[in-house]
Amino acid sequence: AEWQVNTYADGGVKIAGLKNRVLVWSEDYNNPMIELYTVTGELLNRFAVAGSIYDVVGEDIDADGVPEINILSTGRILIYDQLGHKDDEIVLSGTAGSLAIADNNIITGAHKGQLSEIKIYSLTGELLRTFNAYNVNFRGGVDISTVGNNILVGPGRSGGPHLRAFDIFGDLQYEFFALDQKTTGGINVGYIN
């Protein structure tokens, strides 16, 4: 299916899956709007969230069998249902630019300008461990996703196409260059199951 999203005419959009739904939001993290579509493009809901939107993950974070809309905001995760009602909030230690939820862990990747840290939290927001995804001099941000027990990591827009995978303890599992090494636009990582 293909459809036009007109809401964000001044900038790009980001998307995430939520079971058989599609979440859409603006690349401008100060735009607080989330839109929920069917996979054929029917708008089901549009609502504002209580904060900036750095990343969104559709996952069942509270183990109730229903996936929630988990929004990485400034120093916290805002948890909404599909109707746009805020169910909960998890406070994190510090800010981040990307989010993943896997194996009863919250995983965040650094914003541009920060150390390339990956932080692992419990589902209650307790910081369990931190490790650097790249050299301590790299501060271009980190995009993350998960596959099985691995955390996939890609550098932000000023980095090369250096894909890395770590286990939940921060041990490097594998790495390779996804594109020509001269490419410096970074890479976004994702996994489609």
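The numbers attached to residues start from 1 for each chain and follow its sequence in the written order. Local features are withheld for residues below a pLDDT of 70 in this predicted model, meaning they are given only at 70 or higher, and side-chain atom pairs are given and counted only at 80 or more; totals for whole chains, interfaces and linings count all residues. Processing note: side-chain calculations cover all non-hydrogen atoms of the structure and skip hydrogens and water entirely.

Novice: What is the right way to read the overall build of the protein chain from this model?
Specialist: For the purposes of this entry, the term helix denotes a DSSP run of H or I that reaches at least four residues, the term strand denotes a run of E that reaches at least two, and both are numbered from the N terminus. A tally of regular secondary structure across the protein chain gives zero helices and 16 strands. Taking contacts inside the protein chain between residues at least 6 apart in sequence as the whole, the part at least 24 apart equals 35%. Residue contacts are defined here by distance: any two heavy atoms, one from each residue, within 4.5 Å place the two residues in contact.

Novice: Help me out: how do you make sense of the environment of Y54 in this one?
Specialist: With respect to the helices and strands, the residue Y54 is situated in the loop between β4 (43-48) and β5 (55-59). Measuring from C-alpha to C-alpha, the distance between Y54 and D28 comes to 8.5 Å, with 26 residues separating the pair along the chain. The residues contacting Y54, other than those within four sequence positions of it, are K14, Y29, L72, S73, T74, A96, G97 and H111. The term polar contact refers here to a pair of N or O atoms within 3.5 Å; inside protein, the definition further demands a hydrogen-donor-capable atom paired with an acceptor-capable atom, and it admits residues adjacent in sequence only when both atoms are side-chain atoms. A polar side-chain atom of Y54 sits 3.3 Å from a polar atom in the side chain of T74.

Novice: Explanation requested: the sheet that holds β5 in the structure shown.
Specialist: Two pairing modes exist for strands in a sheet, parallel and antiparallel, and in both the strands are linked by backbone hydrogen bonds. DSSP bridges decide pairing: two strands pair if at least two such bridges lie between them. Pairing is antiparallel across the open sheet formed by four strands, whose spatial order is β5-β6-β7-β8. Looking at strand neighbours, the two that pair on one side only are β5 and β8 (86-91), the edges of this open sheet. The mean angle between the axes of side-by-side strands here comes to 20 degrees, regardless of whether they run parallel or antiparallel. Where strand β7 (residues 76-80) and β8 come together, five bridges link them in antiparallel fashion. What sits directly across from I79, in β8, is D88. Interaxial angles span 0 to 180 degrees and are taken between N-to-C directions of axes, which are lines fitted to C-alpha atoms, for helices over the stretch in contact.

Novice: Please clarify how the side chain of S52 should be interpreted in this entry.
Specialist: For S52, the position within the fold is in the loop between β4 and β5. In this structure, S52 is in contact with Y29, N30, I71, L72, S73 and T74, ignoring residues within four places of it in sequence.

Novice: Just checking my understanding: could you explain a negative patch on the surface for this structure?
Specialist: Together, D62, D64, D87 and D88 make up a negatively charged patch on the protein surface. With respect to the secondary-structure elements, D88 resides in strand β8. Any residue with relative accessible area above 30% and no salt bridge may belong to a patch, with like charges joined within 9 Å and the nonpolar Val, Leu, Ile, Met, Phe, Trp and Tyr side chains within 5 Å. Surface accessibility in these figures is a Shrake-Rupley result with a 1.4 Å probe; residues are shielded only by whichever protein chains are displayed. A pairing counts as a salt bridge when a side-chain nitrogen of Lys or Arg comes within 4 Å of a carboxyl oxygen of Asp or Glu. For the purpose of counting charges, residues Lys and Arg are taken to be positive, whereas Asp and Glu are taken to be negative. His and the chain ends are not included. The atom standing in for a charge is NZ when the residue is Lys, CZ when it is Arg, CG when it is Asp and CD when it is Glu.

Novice: What exactly am I supposed to notice about the pairing of strand β2 (residues 21-26) here?
Specialist: It is a general feature of regular strands that their side chains alternate between the two faces of the sheet. Where burial is concerned, most of β2 is hidden: five out of the six residues are buried. Sheet topology note: the strand β1 (residues 13-18)/β2 ladder contains six bridges and is antiparallel. Residue pairing in the sheet places I15 in a bridge with V24 of β2. Between the antiparallel neighbours β1 and β2 lie two residues, among them K19 with a positive phi of about 55 degrees. In this sheet, strand β3 (residues 33-38) lies alongside β2 in antiparallel orientation, the contact comprising five bridges. Following the sheet pairing, R21 is matched in β3 by T38. Connecting β2 to the antiparallel partner β3 that follows it, the hairpin turn spans six residues. The cut-offs for exposure are 20% and 50% of the maximum accessible area for each residue type, with area from a 1.4 Å probe on protein chains only; residues under the lower value are buried, those over the upper are exposed, and the others partly exposed.

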